[in-house]
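# What the coordinates show
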Amino acid sequence: MLVFSSFNGIVGSGIFGLPALVAALLGPAAILSYLVCAVLIGLVGLCFAEVGSRVASAGGLYAYARVPFGPVVGGIGSTLLWCANCVVPSAAIANFLTDTLAMSWPVLDGGAPRVLFMVSVYLLLAVVNIRGTRSGARVSVTTALIKLTALVLLVAAGFFAIHAPNLHWTGMPSVGSIGQGAVLLLFAFMGIEGGLNTSGEVMNPARTVPRAIAITLTLVATLYIGLQFVAQGVLGPDLAIAKAPLVATATAVFGPWGTRFLVAVTILSAAGYLTADMLCNPRSLFALAESRQLPRKLAFVHPRFGTPAIAIGTYACLCFVAALSGSFRQLVIIASSGTLLLYLICCLGLLRLRARHVAMAGEPFRAPGGPFVPLAASAIIVWMLTTLERKELAAAAGLVIVSAAIYGIRERMHEKRKQRPAWMLD
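Quantities reported herein were computed from a predicted structural model and do not represent experimental measurements. (Residues numbered from 1 in each chain as written. Predicted model: local features only at pLDDT ≥ 70, side-chain atom pairs only at ≥ 80, totals over all residues. Heavy atoms only, no water.)

Turning our attention to the overall build of the chain. Within the chain, the regular secondary structure consists of 19 helices and zero strands. When each of the 426 residues of the chain is scored for burial, the buried share is 53%. Accessible surface for the chain amounts to roughly 18,800 Å². Of this, 67% is attributable to carbon and sulfur atoms. (Helix = DSSP H or I, 4+ residues; strand = E, 2+ residues; numbered from the N terminus. Buried < 20%, exposed > 50% of the residue type's maximum accessible area, 1.4 Å probe, protein only. Areas by Shrake-Rupley, 256 points an atom, 1.4 Å probe, with all protein chains shown as cover.)

Set out below in structure tokens:
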């Protein structure tokens, strides 16, 4: 069950668009970046599993940053969490959904129709989720099964349509290109933390968690590499310029009906992701507001529907603005680089939790290899970040600097308030 939960958290809509982006960088050698991501997520997953067994606080990655490093770093983690790990990915998928629909309706390529379509998408999602959670939750299992069935079918059938010359390596790519490709692909690997957040409640975690991570990453990496292998082998150089690479691959393999089928699956998958995202992630804003990390108004609960209405509306507006601010590729880079920084904080936090012997009741799960796992994960993250251009890191770095300043000032004011005489506080 832990494998299924983690697998469902990782395989989202990003893989429908990323094969083209990484092929533009690496061509047939793109598999190397997939392997880097698989290794990194495996190491990070082990770190999350141990931190989750040591930290009793709710909040997921926010708590994983706050408990070892305090409220200021926790504030930075919360900003990276709701922005780079929630808002920007949603905006990227909304862009990809619009690009896919534009293949059939070119009017959505730009201008007012594209803006109106995105407004309609987020308005509908906000209204549905403000009125209640049941409507937003029903589509999750159905969309996951349809999506996975379609991807496995494409790999199986596409294997027989591969042209061997399209897979020929012209040379070994540079280390920097592999790192850039890995940053892009991280977008498709994000999400293992959702399934592993319950590692403290797993039976025999020292045995179960490492096995679950190994099985999950093997399944995900095999599926992703199979999709990249088939897309590259079928499309060749055309893969790098495809707006919807898996749709183009299905067209080449199955003909016109394959186009319609994959377009429908892509739309369903993206819509399912956006629906689940709007169901879950506004609650992160709500939780942060309740803990006074964000304005208290975001913790407002609708008196009739019992939902965090202001948090949902605010989240929808933020996603819409982000969706208009850049292309699918640009938003993927921002989401991945910001998430890498968040992962780095959590991996280094594990070392601090160990040093301070922080643990819940009972024996915590311990990642094998002592300090090797968090240090190796941190080293890979730092290397991946150094492969990006400065302008590509600017947005994530800006979030860190601004949030550090805000939460630093806030903590200083809080400390000064505690030092005041009791009569002044009254």
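This part takes up the environment of alanine 240. Structurally, the position occupied by alanine 240 is in the loop between helix 11 (205–235) and helix 12 (245–254). Along the backbone, alanine 240 and alanine 23 are 217 residues apart, and their C-alpha atoms lie at a distance of 5.2 Å.

A few words on helix 14 (residues 282–290). The periodicity of an α-helix, 3.6 residues per turn, causes residues three or four places apart in sequence to face the same way. Within helix 14, burial applies to Pro282, Leu285, Phe286, Leu288 and Ala289. Down the axis of helix 14, the buried set is contained in an arc of 165°. They therefore lie on one face. Buried residues along helix 14 sit against helix 4 (61–69), helix 5 (71–102), helix 13 (256–280) and helix 15 (309–325). With its phi angle positive at about 65°, arginine 292 sits one or two positions after the end of helix 14. (Arc of directions from axis to C-beta. Contact = heavy atoms within 4.5 Å.)

This part is about the nonpolar core. If you look at the biggest cluster of nonpolar residues, it comprises 130 residues, and the most contacted ones within it are Tyr34, Leu40, Tyr122, Phe189 and Tyr224. Among the elements that make up this core, the one with the highest residue count is helix 5 (16 residues). Those residues in contact with tyrosine 34 that sit more than four places away from it in its chain are Ile15, Pro19, Val22, Leu185, Phe189, Tyr224, Ile225 and Gln228. Core analysis: the next-biggest nonpolar cluster, separate from the first, contains six residues, Ala23, Val230, Leu235 and Leu239 among them. (Core = buried A, V, L, I, M, F, W, Y, C linked by side-chain atoms within 4.5 Å.)

Moving on, we come to the packing of helix 3 (residues 31–54) against helix 17 (residues 372–386). Between helix 3 and helix 17, the least distance of the axes is 9 Å, while the angle of their chain directions is 135°. Taken together, helix 3 and helix 17 sit at an angle that is classed as oblique. Remark: the crossing between helix 3 and helix 17 carries left-handed chirality. Contacts from Val36, Val39, Leu40, Leu43, Val44, Leu46 and Cys47 of helix 3 reach helix 17 at Val373, Pro374, Ala376, Ala377, Ile380, Ile381, Trp383 and Met384. (Axes fitted to C-alpha atoms, helices over the stretch in contact; angles between N-to-C directions. Parallel < 35°, antiparallel > 145°, perpendicular 65-115°, else oblique. Left-handed = near helix turned anticlockwise from the far one by under 90°.)

Attention shifts here to the state of the cysteines. In this structure the tally under the stated criterion is zero disulfides. Unpaired in terms of disulfides, cysteine 86 finds its nearest cysteine sulfur in cysteine 319, a separation of 8.4 Å. With a relative accessible area of 2%, cysteine 86 lands in the buried category. The structure places no disulfide on cysteine 347, whose sulfur is separated from the nearest cysteine sulfur, that of cysteine 47, by 3.8 Å. (Disulfide = S-S within 2.5 Å.)

Running from amino to carboxyl end, helix 14 crosses helix 15 at an angle of 125°, the nearest separation of the two axes being 8 Å. In terms of orientation, helix 14 lies oblique with respect to helix 15. Two packed elements cross with a definite hand, and for helix 14 against helix 15 that hand is right-handed. Residues Pro282, Arg283, Leu285 and Phe286 of helix 14 pack against Ala311, Ile312 and Tyr315 of helix 15. Of the residues that constitute the contact of helix 14 with helix 15, the class distribution is six nonpolar, no polar and one charged. (Nonpolar A, V, L, I, M, F, W, Y, C, P; charged D, E, K, R; others polar.)

Moving on, we come to helix 17. With 15 residues, helix 17 extends 21 Å between its outermost C-alpha atoms, agreeing within 8% with the 21 Å of an ideal straight helix rising 1.5 Å per residue. Of all the positions in helix 17, only Val373, Pro374, Ala376, Ala377, Ser378, Ile380, Ile381, Met384 and Leu385 are classed as buried. (Expected span 1.5 Å × (residues − 1).)

Our focus in this paragraph is the environment of asparagine 281. Assignment of secondary structure puts asparagine 281 in the loop between helix 13 and helix 14. Take asparagine 281: its relative accessible area is 17%, and that puts it in the buried class. In this structure, the C-alpha to C-alpha distance between asparagine 281 and valine 87, residues 194 residues apart in sequence, is 8.3 Å. Each residue touching asparagine 281, except ones within four places of it in the same chain, is listed here: Cys86 and Tyr315.

So, on to a nonpolar patch on the surface. A cluster of nonpolar residues, Val115, Val119, Leu123, Val127 and Leu324, forms a patch on the protein surface that exposes about 380 Å² of accessible area. Ranked by residues supplied to the nonpolar patch, first place goes to helix 6 (residues 111–130) with four residues. (Patch = residues over 30% accessible without salt bridge, like charges linked within 9 Å, V, L, I, M, F, W, Y side chains within 5 Å. Salt bridge = Lys/Arg side-chain N within 4 Å of Asp/Glu carboxyl O.)

The topology assignment puts serine 90 in helix 5. A distance of 2.9 Å separates a polar atom in the side chain of serine 90 from a polar atom in the side chain of tyrosine 122. Contact partners of serine 90, with chain neighbours within four places excluded, come to Tyr122, Tyr273, Leu274, Asp277, Tyr315 and Cys319. (Polar contact = N/O pair within 3.5 Å; in protein donor to acceptor, adjacent residues only side chain to side chain.)

Scanning the entire structure with this criterion turns up five salt bridges. A salt bridge links glutamate 50 to arginine 354; the shortest N-O distance between them is 2.7 Å. Remark: arginine 354 occurs in helix 16 (residues 328–356) and glutamate 50 occurs in helix 3; sequence separation between them is 304 residues. On the basis of relative accessibility, which here comes to 12%, the residue arginine 354 falls in the buried class. Between aspartate 99 and arginine 114 there is a salt bridge whose closest N-O contact spans 3.0 Å. Within this pair, whereas aspartate 99 is found in helix 5, its partner arginine 114 is found in helix 6, the two being separated by 15 residues in sequence. The pair aspartate 99 / arginine 114 is uniform in exposure class, with both members buried. Three or more residues are tied together by salt bridges with common partners; here these are Glu50, Arg54 and Arg354.

In total, this model carries eight aromatic pairs according to the counting rule given. Measuring from centroid to centroid gives 5.3 Å for phenylalanine 96 and phenylalanine 328, while their planes differ by 35°, and the two rings are tilted. Of this pair, phenylalanine 96 sits in helix 5 while phenylalanine 328 sits in helix 16, placing them 232 residues apart in sequence. Residue classification places phenylalanine 96 among the buried residues on the basis of a relative accessible area of 2%. Note on phenylalanine 328: relative accessible area 8%, which makes it buried. A ring pair is formed by tryptophan 257 and phenylalanine 261, whose centres lie 6.3 Å apart and whose planes are at 40°; its orientation type is tilted. Note that tryptophan 257 and phenylalanine 261 are positioned in helix 13 at a spacing of four residues, about one turn of the helix. Here phenylalanine 261 falls in the partly exposed class, since its relative accessible area comes to 31%. Ring pairing ties together the aromatic residues Phe48, Tyr64 and Tyr343, which thus form one cluster. (Phe/Tyr/Trp six-rings, centres within 6.5 Å; stacked < 30°, edge-to-face > 60°.)

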